[in-house]
Amino acid sequence: MKTQSASRTLQNPPTSTAYSYSRLSALWDQHRQAARISIHRICRHPLGSVLTLLVIGVALALPTLLSVLLGNGESLSQHWSGGTQITVYLSENTNAQRAEQIMTLLKERYQLKNARYISPEEGLVNFERDTGIEHVVEQLRKNPLPGIIEIMPEIADLGSAQVQTWLNTIRQFPGVENVQLDLAWVNRLQEMARFANRLVHALALLLGMVVLLVIGNTIRLSTQNRREEIKIAKLIGATDAFIRRPFLYTGFFYGLLGALLSWLVVSIVILWLRAPITQLAASYQSVFQLRNLSFMGAMELLLAGALLGFAGALIAVNLQIRQIEPD
Amino acid sequence: MIELKHVTKSYEQNRIALSQASLTLAQGEMAFLTGHSGAGKSTLLKLIALLERPTQGKVMIGGVDLADVGKADIPYVRRRIGVIFQNPYLLPDRNVFDNVALPLQIAGWPSGSWLKRVRAALEKVGLANKEAVLPQTLSGGEQQRVSIARAIVNKPAVLLADEPTGNLDPDLSEEIMHLFQDFHQVGVTVLVASHDLRLIAKMKHRIITLKEGKVVNDGLDKHSIT
Ligand SMILES: Nc1ncnc2c1ncn2[C@@H]1O[C@H](COP(=O)(O)OP(=O)(O)OP(=O)(O)O)[C@@H](O)[C@H]1O
Ligand SMILES: [Mg+2]
């Protein structure tokens, strides 16, 4: 290509000198310099930088906190899954012995937290106690209640396809009349979780945009303030990549430090909420402790912050750099 | 080394800054560019430094037609050309050393190699003892010499200067011109725009005179235009 040969003739590549200097270490050198310059710039205006970091930190802390609380809520609902159980209705002619066999079989086949046989007699006693209606059998002459086995699977998501196949299999057991899952309760819980999840996602998206815009605007102002410097650098033969680099590092560091700050904010809030929530749970005879952001979650947060910062800076600097030419 | 062939440059509103200007500078040659204000001196230098593109005609450096140099390749061409303006354009937040090292940094030289080159450049302009100082603490003449050191640190083949002595007193101006002469003597092609006719006449070099965008006189040590 003509253009390439043109530049090559005029170029004086450092590689052709006495320094045995690979392209890779040249790149490393340039990146180190750019990173150093960007840290230098951030530290030069501590007040402005801290304000920017606070905005980013708060913006990232909000969806993070919500998602941490949601995760806690999900584990709490597992704690309280007393209502989410499967009821196995036995046929009329299944006696207590057969019922025990079925229960043992279920326990062997599936991972169950709990399984309990309630004989028709027991069921009647419970019914009379719960409703206050007495002497039902005397009027009906026969106990209308079937024997039941209540089982509580280990698996958290009772709406899953796996549970559906369980139900179908158990229904085929000899001596089993019907199997029921309290789906209404499960569904409601899942709908709520789904709604909360979406809410967190929408918030994360919106506040992620905020971070992108805040960093983009900060970098835009920074390029404006460095117009002269950019012009001089271009005049001396700086490529766009060279000029862009320190700004991209600045955006990256802002995002990363902002995310670090939001991690701190979330941790403090969780710590602050922990004592009252533990007490509240204790009053329900439950041992529950509010969990903080997991290590992986924190890493994701830092990555998201750094990427947003980088992207915001990239957009801003690309819009600006073309407009700034030496004159 | 530098060749302009029938170059015309018109800015917006059909302002013609250069019209059919032709000139050739051999490798290692030194020449002055003069003419009244608005004659097109700065425009001519900008075309060589790829700061502007000609409307018509051809500009060549070292056998390369600048029309073939795409936007992405401009930086690489500029690294082979040292440019000096009336305003030294130094970075106020970096010391003299870092200002002079900037072209090396930009060209991707390892930072370990800067010291020797920057010191050599500063020594040449007589500022060896000022490397740790910030530019604003220097006099105008010293600042201009820093900008010259920056222009030559990368050992460019071509040195362009646009009114480099515009702000300086006669003694300093002469000093600066002698600096350019030194570079010319080590083989750099030098083109200096100036309207200080008294000074450039003293230097005994080729003088190219522009008038309304045309080359009206081109020769050795001649006083021109009225
Ligand atoms: N960017 C520009 N846009 C429009 N017109 C311009 C531009 N730059 C220069 N001109 C015009 O082109 C003509 C030549 O300008 P140029 O700056 O090349 O002259 P000069 O010889 O350097 O003058 P001076 O001695 O004052 O620096 C002038 O008429 C000027 O008004
Ligand atoms: Mg001019």
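Conventions used here
- Residues numbered from 1 in each chain as written.
- Chains lettered and ligands numbered in written order.
- Predicted model: local features only at pLDDT ≥ 70, side-chain atom pairs only at ≥ 80, totals over all residues.
- Heavy atoms only, no water.
- Helix = DSSP H or I, 4+ residues; strand = E, 2+ residues; numbered from the N terminus.
- Rg over C-alpha atoms; globule rule 2.2 N^0.38 Å.
- Buried < 20%, exposed > 50% of the residue type's maximum accessible area, 1.4 Å probe, protein only.
- Pairing = 2+ DSSP bridges.
- Contact = heavy atoms within 4.5 Å.
- Axes fitted to C-alpha atoms, helices over the stretch in contact; angles between N-to-C directions.
- Near = heavy atom within 4 Å.
- Polar contact = N/O pair within 3.5 Å; in protein donor to acceptor, adjacent residues only side chain to side chain.
- Areas by Shrake-Rupley, 256 points an atom, 1.4 Å probe, with all protein chains shown as cover.
- Arc of directions from axis to C-beta.
- Salt bridge = Lys/Arg side-chain N within 4 Å of Asp/Glu carboxyl O.
- Buried area = accessible area lost by both parts, 1.4 Å probe.
- Phe/Tyr/Trp six-rings, centres within 6.5 Å; stacked < 30°, edge-to-face > 60°.
- Lys NZ or Arg CZ within 6 Å of the ring centre and 35° of its normal.
- Domains from an automatic or database assignment.
- Patch = residues over 30% accessible without salt bridge, like charges linked within 9 Å, V, L, I, M, F, W, Y side chains within 5 Å.

## Considering the overall build of chain B
The number of helices and strands found in chain B is seven helices and 10 strands. Taking 17 Å as the expected radius of gyration for a compact globule of 226 residues, we find that chain B reaches 17 Å, a close match to that expectation. Dimensions along the principal axes, computed over C-alpha positions, put chain B at roughly 45 × 40 × 35 Å. A burial count over chain B gives 58% of its 226 residues as buried.

## Here's the deal with the sheet that holds strand 2 (residues 15-25) of chain B
Residue and element names in this part refer to chain B. With antiparallel pairing, the four strands of this open sheet are ordered in space as 2-1-4-5. Of all strands in the sheet, those bounded by a partner on one side alone are strand 2 and strand 5 (64-65). For strand 1 (residues 2-11) and strand 4 (residues 56-61), the ladder comprises five bridges, and the chain directions are antiparallel. Bridge assignment links K5 to a residue of strand 4, and that residue is K58. Across the sheet, helix 1 (residues 41-48) touches strand 1, strand 2 and strand 4, and the angle it forms with strand 1 is around 120°.

## Remarks on the pairing of strand 1 of chain B
Residue and element names in this part refer to chain B. Note: strand 1 against strand 2, seven bridges, orientation antiparallel. Bridge pairing links V7 to A21 in strand 2. Between strand 1 and strand 2, which follow one another and run antiparallel, lie three residues, and Q13 among them has a positive phi close to 55°.

## Notes on the site of ligand 1
Residues and elements named next belong to chain B. Among the 13 residues in the neighbourhood of ligand 1, the closest are listed as S37, G38, K41, S42 and T43. One of the side-chain nitrogen or oxygen atoms of S37 is found 2.5 Å away from an oxygen atom of ligand 1. Contact between ligand 1 and T43: an oxygen atom at 2.5 Å from a side-chain N or O atom of the residue. Starting from 630 Å² of accessible surface for ligand 1 in isolation, the protein chains cover 68%. Of all the elements in the fold, those that place two or more residues in the shell around ligand 1 are strand 2 and helix 1.

## Digging into the side chain of B:T43
Residue and element names in this part refer to chain B. Structurally, T43 can be placed in helix 1. Since its relative accessible area comes to 8%, T43 is described here as buried. Of the polar contacts made by the side chain of T43, one reaches the side chain of Y11; its length is 3.2 Å. In contact with T43, not counting residues within four places along its chain, are K9, Y11, A17 and L18.

## Here's the deal with helix 4 (residues 114-124) of chain B
What helix 4 of chain B keeps buried is the set B:W114, B:R117, B:V118, B:A121 and B:L122. Buried residues of helix 4 of chain B, viewed axially, fall in a sector of 130°; they line one side. Opposite the buried face of helix 4 of chain B, at more than 90 degrees from it, the exposed residues are B:K116 and B:E123. Looking at the buried positions of helix 4 of chain B, the neighbouring elements they touch are helix 2 (23-44) of chain A together with helix 3 (96-106) and helix 5 (140-152) of chain B. At the exit of helix 4 of chain B stands B:G126, carrying a positive phi of roughly 75°.

## Looking at the pattern of salt bridges
All names here are of chain A. Taken as a whole and judged by the stated rule, the model has 20 salt bridges over all chains. Two residues, E150 and R116, come together in a salt bridge whose shortest N-O distance is 3.2 Å. Pair noted here: E150 is in strand 3 (residues 148-153) and R116 is in strand 2 (residues 112-118), with a separation of 34 residues, a long-range link. With a relative accessible area of 44%, R116 lands in the partly exposed category. Of the charged contacts, one joins K231 and E228 as a salt bridge, the two residues approaching to 3.8 Å between their closest N and O atoms. Residue K231 and its partner E228 are both found in helix 9 (residues 227-235); the two are separated by three residues, about one turn of the helix.

## Some remarks on the interface of chain A and chain B
Between chain A and chain B, the residue contacts involve 35 residues of the former and 34 residues of the latter. Summing both partners gives a buried area of about 3,300 Å² for chain A against chain B, and 63% of it is carried by carbon and sulfur. Between chain A and chain B we count three salt bridges in total. Ionic pairing is found between B:R94 and A:E229, a salt bridge with its closest N-O pair at 3.2 Å. Taken together, chain A and chain B are joined by seven residue pairs in polar contact (both at pLDDT 80 or more). Listing elements by their share of the side of chain A that touches chain B, those giving two or more residues are helix 1 (2-10), helix 2 and helix 9 of chain A.

## With respect to the packing of aromatic side chains
Applying the stated criterion across every chain, the model contains four aromatic pairs over all chains. Residues B:F85 and B:Y89 carry aromatic rings whose centres are separated by 5.6 Å and whose planes lie at 85° to one another, so their mutual orientation is edge-to-face. Each residue in the set A:Y249, A:F252 and A:F253 is aromatic and connected to the rest through ring pairs, giving one cluster. For A:R41, the ring lying beneath its charged end belongs to A:F247, and the centroid distance is 4.8 Å. In this arrangement the basic side chain of B:R117 is found over the ring face of B:W109, its NZ or CZ atom lying 4.3 Å from the centre.

## What about the domain arrangement of chain A?
Domain boundaries assigned for chain A yield domain 1 (28-79 + 188-321) and domain 2 (85-181). Taken over C-alpha atoms, the centre of domain 1 of chain A sits 51 Å from the centre of domain 2 of chain A.

## Concerning a nonpolar patch on the surface
Residue and element names in this part refer to chain A. Taken together, the side chains of L47, V50, L51 and L54 define a hydrophobic patch exposed on the protein surface, amounting to about 390 Å² of accessible area. For L47, the position within the fold is in helix 3 (residues 46-79). Its relative accessible area of 65% is what places L47 among the exposed residues.

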